[in-house]
Amino acid sequence: SETMKLNIQHEEIVLLLLDFLRQNNYFEALRCLERDSGVSADSYGRELDFLRSLVLDGEWDDAERFIEPLKHRADGQEHNFTFDYKKVLFEIRKQKFLELLDSQSLSPAVVELVDHLKDLEDKCS
């Protein structure tokens, strides 16, 4: 019988595993594998990958400090670069809030607050 050899590179195997983890909503395992392997399922460029890492690791203050220098570029266009500082800050803080809610028991008042924040998101987009 003939046998077929597959030559699959380490990074390709990790990418397949990351894809499987994402499709099955194993986000914590996906993040751990990305961190341990140094391979990321998504790459948006060095700076955005770093910001993504801060957010996924729950480093909220560091994420806000990271985007702070971009605040001055916010409302204009500089070197074909636009950055909506308020929108990004809103998204970081929203994610922080939602993760805090997810980790603790919810009271009816908090649930109502979340609903109102979701309504405000459209106005901030």
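Residues numbered from 1 in each chain as written. Predicted model: local features only at pLDDT ≥ 70, side-chain atom pairs only at ≥ 80, totals over all residues. Heavy atoms only, no water.

A. Main features of the overall build of the protein. For the protein, the helix and strand inventory stands at 6 helices and 0 strands. Secondary structure of the protein in N-to-C order comes out as α-α-α-α-α-α. Per-residue burial for the protein yields a buried fraction of 19% across its 125 residues. A sequence separation of at least 24 residues applies to 33% of the contacts in the protein between residues at least 6 apart. Split by element, the accessible area of the protein, about 9900 Å² in all, is 53% carbon and sulfur. (Helix = DSSP H or I, 4+ residues; strand = E, 2+ residues; numbered from the N terminus. Buried < 20%, exposed > 50% of the residue type's maximum accessible area, 1.4 Å probe, protein only. Contact = heavy atoms within 4.5 Å. Areas by Shrake-Rupley, 256 points an atom, 1.4 Å probe, with all protein chains shown as cover.)

B. Molecular detail of the packing of aromatic side chains. In this structure the tally under the stated criterion is 2 aromatic pairs. Here Phe20 and Tyr26 contribute two aromatic rings whose centre-to-centre distance is 6.4 Å and whose plane-to-plane angle is 40°, an arrangement assigned as tilted. (Phe/Tyr/Trp six-rings, centres within 6.5 Å; stacked < 30°, edge-to-face > 60°.)

C. Representation of the packing of helix α3 (residues 46-56) against helix α4 (residues 60-67) within the structure. Direction vectors running N to C along α3 and α4 enclose 155°, while the axes themselves pass 8 Å from each other. As the angle between them shows, α3 and α4 are arranged roughly antiparallel. Crossing of α3 over α4 shows left-handed handedness. Listed contacts from α4 to Glu47, Phe50, Leu51, Leu54 and Val55 of α3 are Trp60, Asp62, Ala63, Phe66 and Ile67. Tallied by class, residues from the contact of α3 with α4 come to 8 nonpolar, no polar and 2 charged. (Axes fitted to C-alpha atoms, helices over the stretch in contact; angles between N-to-C directions. Parallel < 35°, antiparallel > 145°, perpendicular 65-115°, else oblique. Left-handed = near helix turned anticlockwise from the far one by under 90°. Nonpolar A, V, L, I, M, F, W, Y, C, P; charged D, E, K, R; others polar.)

D. Just the side chain of Glu34, in detail. With respect to the secondary-structure elements, Glu34 resides in helix α2 (residues 27-37). Ignoring anything within four residues of it in the chain, the contact list for Glu34 reads Leu18, Val39, Ser40, Ala41, Asp42 and Arg52.

Geometry only, nothing functional implied.
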